[in-house]
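Fold and contact review
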Amino acid sequence: MTGYYRWRKIKNGIMFSLCLLSVLAALVPLFIILFYTISQGISSINWDFFTKMPKPAGEAGGGMANALVGSAILLGLGSVVGLPVGILSGIYLSENKKSLFAGSVRFLAEVLNGIPSIVVGVFAYIVIVIPMHRFSALAGGFALGILMMPVVTRTTEEMMNLVPNSYREAALGLGISRWKTTLFIILPTALKGIITGVLLSIARAAGETAPLLFTALGNRFWSTQLDQPIASLTVFIYDYSKSPFDDWIRQAWAAALVLILIILFINVTFRLVTRKR
Amino acid sequence: MPNEQNSNQQQGNIDDSVSAADTVLLKSKIGRNLGDFVFNNITRLFAFLLFVLVVLMGYMMYRQSIPAIEKFGWKFIINTDWDPVLENFGALPFIFGTIYSSIIALIIALPLSVGIAVFLTEFTPKWLEGPLSMLVELLAAIPSIVYGLFGMFVMAPWLRQVVEPVLGDHLGFIFLFQGPPYGLGMLAAALILTVMILPIITSISRDVLKSIPNSQREASYALGATKWETIKIILEGGKSGILGATLLGLGRAIGETMAVTMVIGNNPQISASLFEPGYTMASVIANEFTEATSNLYLSSLIEIALLLFILTIVLNSLARLVVWSVTKKYVKGATL
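Bear in mind the structure is a predicted one, so any value in this text is a computation, not a measurement.

**Looking at the overall build of chain B**
- Tallying secondary structure elements over chain B gives 12 helices and 2 strands in all.
- Scanning chain B from its N terminus toward the C terminus, one meets helices and strands in the order α-α-α-β-β-α-α-α-α-α-α-α-α-α.
- Put simply, chain B has 336 residues, and 43% of those count as buried.

**Notes on the domain arrangement of chain A**
Residues and elements named next belong to chain A.
- The domains assigned to chain A are domain 1 (2–44) and domain 2 (49–275).
- Computed from C-alpha coordinates alone, the two centres of domain 1 and domain 2 are separated by 33 Å.
- Its residues assigned to classes, the side of domain 1 that touches domain 2 shows 2 nonpolar, 5 polar and no charged.

**Examining the interface of chain B and chain A**
- Contacts between the two partners involve 68 residues from chain B and, on the opposite side, 73 residues from chain A.
- When its residues are assigned to classes, the side of chain B that touches chain A shows 47 nonpolar, 15 polar and 6 charged.

**Let's talk about helix 1 (residues 2–41) of chain A**
- Look at helix 1 of chain A: 58 Å from first C-alpha to last across 40 residues, which is about the 58 Å you get at 1.5 Å a residue.
- Of all the positions in helix 1 of chain A, only A:Met15, A:Cys19, A:Ser22, A:Val23, A:Ala26, A:Pro29, A:Ile33, A:Thr37, A:Gln40 and A:Gly41 are classed as buried.

**Description of the domain arrangement of chain B**
All names here are of chain B.
- For chain B, the domain assignment lists domain 1 (2–64) and domain 2 (79–330).
- Each side of the interface is counted separately: domain 1 has 5 residues, and domain 2 has 5 residues.
- Class assignment for the residues of the side of domain 1 that touches domain 2 results in 3 nonpolar, 2 polar and no charged.

**Concerning unusual backbone geometry**
Residues and elements named next belong to chain A.
- The phi dihedral of His133 is positive, around 60°, even though this residue is not glycine.
- If you trace the backbone, His133 turns up in the loop between helix 5 (117–132) and helix 6 (137–162).
- A positive phi is found at Leu217, a non-glycine position, where the angle reads about 65°.
- Mapped onto the elements of the fold, Leu217 is located in the loop between helix 8 (178–206) and helix 9 (233–241).
- Looking at Leu217, the number of C-beta atoms within 10 Å reads 21, which means it is buried.

Calculation criteria
- Residues numbered from 1 in each chain as written.
- Chains lettered and ligands numbered in written order.
- Predicted model: local features only at pLDDT ≥ 70, side-chain atom pairs only at ≥ 80, totals over all residues.
- Helix = DSSP H or I, 4+ residues; strand = E, 2+ residues; numbered from the N terminus.
- Buried ≥ 20, exposed ≤ 12 C-beta atoms within 10 Å, placed from the backbone.
- Domains from an automatic or database assignment.
- Nonpolar A, V, L, I, M, F, W, Y, C, P; charged D, E, K, R; others polar.
- Contact = placed C-beta atoms within 7 Å.
- Expected span 1.5 Å × (residues − 1).

Laid out in structure tokens, this is it:
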């Protein structure tokens, strides 16, 4: 009997170690990726990198100013497309929790979240690039906007649900109408969470490459025109990573480092803000 | 009118339960309800837009792929040729590459994810659980292109010089590990995908395990079970939820583009060996879309996108339904 008991204890220990090992197996890649991105990228990061234009192929130096500005423009366009739909439908879902329509919209937002970004890119190509007969920042921004929608919808709904029901009851008890309660009591209370949710969706869109390849296309030159191809950080990394020049590959790592820092910063902030409640 | 008030409150319409005696307020009450009506319908309209978008996506891609559908029909998905010069297009190598790389990734990722989820919910003290799960979820925040960069310049050389020769020498008799070590290939793609789908399977499995009531654990301990024996019971209860998480992970892996494109070797062939390069549906769209010169070529690529769209929608819907049906059982009022 004691032998069997010991075996059960040993089995318990083995399983504990296996679970611990799987945690390590997930954390090791995370730290290796962060380590490589920092060690490979840090040497190319300097003032020029943020302020200069790319140099012609083969010449050392140069920067990615156009890609930074391009990414900012694309994300701005994406926000214009994605945020109104995301926030308002999030409000709808939190105000009408039980209705069948709300249930199916919630479900659909999840489905939309799972649609590969490259497919969204193809959709943007069909709807905008084909009628316009050229690649453009607009098409890229549209694709990013669609990708932002489900994230914003979900976080808006979650954040509005976190507001204690007593707020709503107090407002309604004072005779304030329902829509004013939602708009002027619940929404401002949840605003901090919603804003971080919006930032989270921007972080997701900032890391997207696939939907931009054949919508915004990329551009070696300075361009801020919305109906022209435009550069972006991620396509910059992709193009440079395929190049035969060591200096360009170093710059690709540097751009990856910049991107990863922005995205991780937003993600960690989001978690800290949402955990407090 | 106490009766009317009661029945109104039962319906939860606090707003409407204003006493009917306040006839003076009647006018402003209509005004308020108009506001509610307008506000509710505006938000409903935007929610409806999400609906329209998904339907439109499917329809537009279907319309653009009509030339390819008419030319090749069902043969499109069993034809193994991909020849832009002769305009003979078949998607089988890409479908194979997509499914093969995703399944291999899933086989590696599933036990790891469940292990992590169990560790986080059952073994870890509360103060450590938050930071640990945040670290695991940060893996999901790293952009695909950075995974690709890492896979191309760090992992592929390591596979070529260290892992694949060792596997080939010792396990070369298994069909999985035959052929010359390229580095870039199916194995690299599967490993990168493994890391990328770990966080989603983990976080959903964790939610599922957490939704199982503590009374089950307490009952098990009371019978003298060890921690692991208790966990086995908990896992039994969360089985179908973990299945849902797996399906979601599969959907993610199937749609993954950039990282896979950069490490899979991009060669439309069907080979069981993990060392050989392959090609996936998402990669072929990413690589060849801007090069598609003819109408039929473009149309075939869009048909691949349509197939990908349908595949991920089916997988995601299934997954959500499964996860929902599990959490519904334990969490009161869990929504879809």
